[in-house]
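Breakdown of the fold
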Amino acid sequence: MTEVILSAAAGPTVPVHLLHETELGAHFDSAPPFVRAFAETSEFKAKQGQALLVPGEDGKLHHVVFGLGAKNGALDPMALRSLAAKLPAGEYRIAQAPEGVDREQAALAFALGSYRFDRYKKKPGERARLVAEGCDAEEVRHVAHACALARDMINTPANDLGPLQIETIAREIAEQHGAQITVIVGDGLLEANYPAVHAVGRAAVPERAPRMIEIAWGEAGAPLIALVGKGVVFDTGGLDIKPSAGMRLMKKDMGGAAHVLALARMIMAAKLPVRLAVLVPVVENAIAGDAMRPGDVLASRKGLSIEVGNTDAEGRLILADALTRAAELEPALTIDMATLTGAARAALGPQLPPYYTDDEELAGQIEAAAKAVGDPLWRMPLWKPYGEALDSDIADLKNDPDGWAQAGSVTAALFLQRFAPRGPWVHFDIMAWNPRGRPGWPSGGEVQGARALYRTIKERFA
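Residues numbered from 1 in each chain as written. Predicted model: local features only at pLDDT ≥ 70, side-chain atom pairs only at ≥ 80, totals over all residues. Heavy atoms only, no water.

Thoughts on the sheet that holds strand S3 (residues 51-55)
Applicable threshold: DSSP bridges decide pairing: two strands pair if at least two such bridges lie between them. Numbering goes from the N terminus for both helices and strands, where a helix is a DSSP run of H or I of at least four residues and a strand is a run of E of at least two. Two residues qualify as a contact provided that any one of their heavy atoms is within 4.5 Å of a heavy atom in the partner residue. Between N-to-C directions, angles cover 0 to 180 degrees, with each direction set by a line fitted to C-alpha atoms, over the stretch in contact for helices.
Pairing within the open sheet is mixed, and its 6 strands lie in the order S1-S6-S5-S2-S4-S3. Of all strands in the sheet, those bounded by a partner on one side alone are strand S1 (5-6) and S3. Here 4 bridges tie strand S5 (residues 90-96) to strand S6 (residues 128-131), and the two strands are oriented parallel to one another. Considered in S6, the bridge of Gly90 is made with Ala128. Seen against the sheet, helix H4 (residues 103-113) touches S1, S5 and S6 and runs at an angle of roughly 165 degrees to S6.

If you want it as structure tokens, here you go:
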């Protein structure tokens, strides 16, 4: 990706002034009359997200004023995401910022807002770049690059991002950070006891065979964190085929895998004092003569039998095997991330992903971290009575809950809890997508929850 966060300027920089509404008058009091007139004509009020590009007497950009809104309002750590999208190419620096602005979060927001997916564009455009003064530019770059990797993976169409490509990315991350990686492919999944992963992915062509990716990193004796991510590279729905509208964005159904690989990359780059087990089941839910059928009963790594009520509820099947593997490793913390249910979007919309945990301490830490880094999340209940909706007449449980329970995201989380390790566990039901583009948040792949989890892990284990 184009470097947008700089440790030092390569040439002249354009100063950026971050101002609350009440600070605007003082800023322009000493300015030349034409600058004051320009601000008035532009109706610039320093409302949150407003940007004023102030020209000099030579007509060139002299400085930028960016509004932070009311002084008594809560300062959004991600406010500068929208600034990056409003600036022409060039180098900038934050020359003025009120007390309370976290310069590291401001630089990260700028970097995240600079993201563009231009792999298929003939002429990618230049971008604004920020000299990150008063903060750890290297840390900002590590997090921004990890988020950009996840967004690139989510945005890339399935013809260019299949199971092998995700394996390649995982191998590159492991090699870069001195981690060990194991990959089990195709019928080897049956021998290694990942029967549910195999059942979901077996209908794909041999070149896109299912696989189980496991990355191990860290020093012996450090607390172990298991990161589990759903990697469905494309979801047709299987024999319970999706309608065309429902299938259009299913290239993003590997968003959970992209997220845990990005989170692992952040942790390894920061050399946090933990061990990692990154578990990524990768499949294509394809349609063919040997695809799993509604009514099939599948084996699972845990030994529980699962009746397939709907082949489009495939993500929880592959996560069941991966979570069982995580339990065998006895982690101190387990995190799973998945683009799992449309019900989560019906409940909270695309910008506020739900998460589920029974661990009150962990929930509090995640909530505080999410607020601190501007990574919105919402805790949802693991409502035990709905678990009865997963009962099957002929198997230990089924993958599609009875309709009376209605709460599809909750019942999906309850299904996964049957396989999750003992101890602290949290499940994220993310969308990983911006359906509506706005400055700093272009339409397409989005990273949700990973920055909050990175902060949580740093504070919980540092």
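Let's talk about a nonpolar patch on the surface
Selection criterion: To count toward a patch, a residue needs a relative accessible area over 30% and no salt bridge; like charges are then connected within 9 Å, while nonpolar side chains (Val, Leu, Ile, Met, Phe, Trp, Tyr) are connected within 5 Å. We get accessible surface area from the Shrake-Rupley algorithm with a probe of 1.4 Å; when it comes to residues, only the shown protein chains can shield them. Salt bridges are counted wherever a side-chain nitrogen of Lys or Arg sits within 4 Å of a carboxyl oxygen of Asp or Glu.
Nonpolar side chains collect at one region of the surface, where Leu239, Ile241 and Ile287 lie side by side and expose about 260 Å² of accessible area between them. Mapped onto the secondary structure, Ile241 falls in the loop between strand S10 (231-235) and helix H9 (244-247).

Observations concerning the nonpolar core
The cut-off we apply is this: In plain words, nonpolar cores are sets of buried Ala, Val, Leu, Ile, Met, Phe, Trp, Tyr and Cys residues tied together by side-chain atoms within 4.5 Å. Residue exposure (1.4 Å probe, protein chains only): buried if accessible area is under 20% of the type maximum, exposed if over 50%, otherwise partly exposed.
Ranked by size, the top nonpolar core spans 92 residues in total, and within it Ile5, Leu227, Ile267, Leu276 and Phe428 carry the most contacts. If you look at the next biggest cluster of nonpolar residues, it comprises 38 residues, including Ala199, Ala226, Met292 and Phe419.

Brief notes about the packing of H4 against helix H5 (residues 137-155)
Between two packed helices, what matters for the description is the angle formed by their axes and the separation of those axes. We apply this condition: Any angle that is under 35 degrees is reported as roughly parallel, and any over 145 degrees as roughly antiparallel; angles of 65 to 115 degrees are reported as roughly perpendicular and all others as oblique. Less than a right angle of anticlockwise turn of the near helix away from the far helix marks a crossing as left-handed, whereas a clockwise turn marks it as right-handed. Polarity classes work like this: nonpolar for Ala, Val, Leu, Ile, Met, Phe, Trp, Tyr, Cys and Pro, charged for Asp, Glu, Lys and Arg, and polar for all others, with Gly in that last group.
The contact between H4 and H5 brings their axes to 9 Å, and the two run at 30 degrees. By the angle class used here, H4 and H5 are roughly parallel. The way H4 lies across H5 gives a crossing that is right-handed. Contact residues: Glu104, Ala107, Leu108, Ala111 and Leu112 in H4; Glu139, Val140, Val143, Ala144, Cys147 and Arg151 in H5. Residue classes in the contact of H4 with H5 are distributed as 8 nonpolar, no polar and 3 charged.

Section: unusual backbone geometry
Within the chain, Glu43 stands out as a residue other than glycine whose phi angle is a positive 55 degrees. Position of Glu43 relative to the elements: it lies in the loop between helix H2 (33-41) and S3. The class for Glu43 is exposed, based on a relative accessible area of 57%. Non-glycine residue Asn193 carries a positive phi angle of around 70 degrees. Judged by its relative accessible area of 34%, Asn193 falls in the partly exposed class.

Some details on the packing of H5 against helix H15 (residues 450-461)
For the pair H5 and H15, interaxial distance at closest approach is 11 Å and the crossing angle is 135 degrees. The angle between H5 and H15 falls in the class oblique. As H5 runs across H15, the sense of the crossing is right-handed. For the pair H5 and H15, the contacting residues are Glu139, Val143 and Cys147 in the first and Arg451, Tyr454 and Lys458 in the second. Per-class residue counts for the contact of H5 with H15 are 3 nonpolar, no polar and 3 charged.

Describing the sheet that holds strand S13 (residues 306-307)
Overall, mixed pairing links the 3 strands, which are arranged S12-S13-S17 in an open sheet. Where the open sheet ends on each side, the last strands, each with one partner, are strand S12 (297-298) and strand S17 (397-398). Across 2 bridges, S13 lies against S17 in parallel orientation. Paired with Ile306 across the bridge in S17 is Leu397.

Let's talk about the packing of aromatic side chains
Which entries qualify depends on this criterion: Here the aromatic set is Phe, Tyr and Trp, taking the six-membered ring for Trp, and pairing holds for ring centres within 6.5 Å; pairs whose planes are under 30 degrees apart are stacked, those over 60 apart are edge-to-face, and all others are tilted.
Following the criterion strictly, the structure yields 4 aromatic pairs and no others. Ring plane angle 20 degrees and centroid distance 5.5 Å describe the contact between Tyr355 and Phe428, whose orientation is recorded as stacked. Linking Tyr355 in strand S15 (residues 354-356) with Phe428 in strand S18 (residues 425-429), this pair joins segments that are 73 residues apart in sequence. The residues Tyr355 and Phe428 share a single accessibility class, namely buried. With 6.3 Å between their ring centres and 70 degrees between their planes, Tyr386 and Trp404 make a pair best called edge-to-face. One end of the pair, Tyr386, is in the loop between strand S16 (378-379) and S17; the other, Trp404, is in the loop between S17 and helix H14 (408-417), and 18 residues separate them in sequence.

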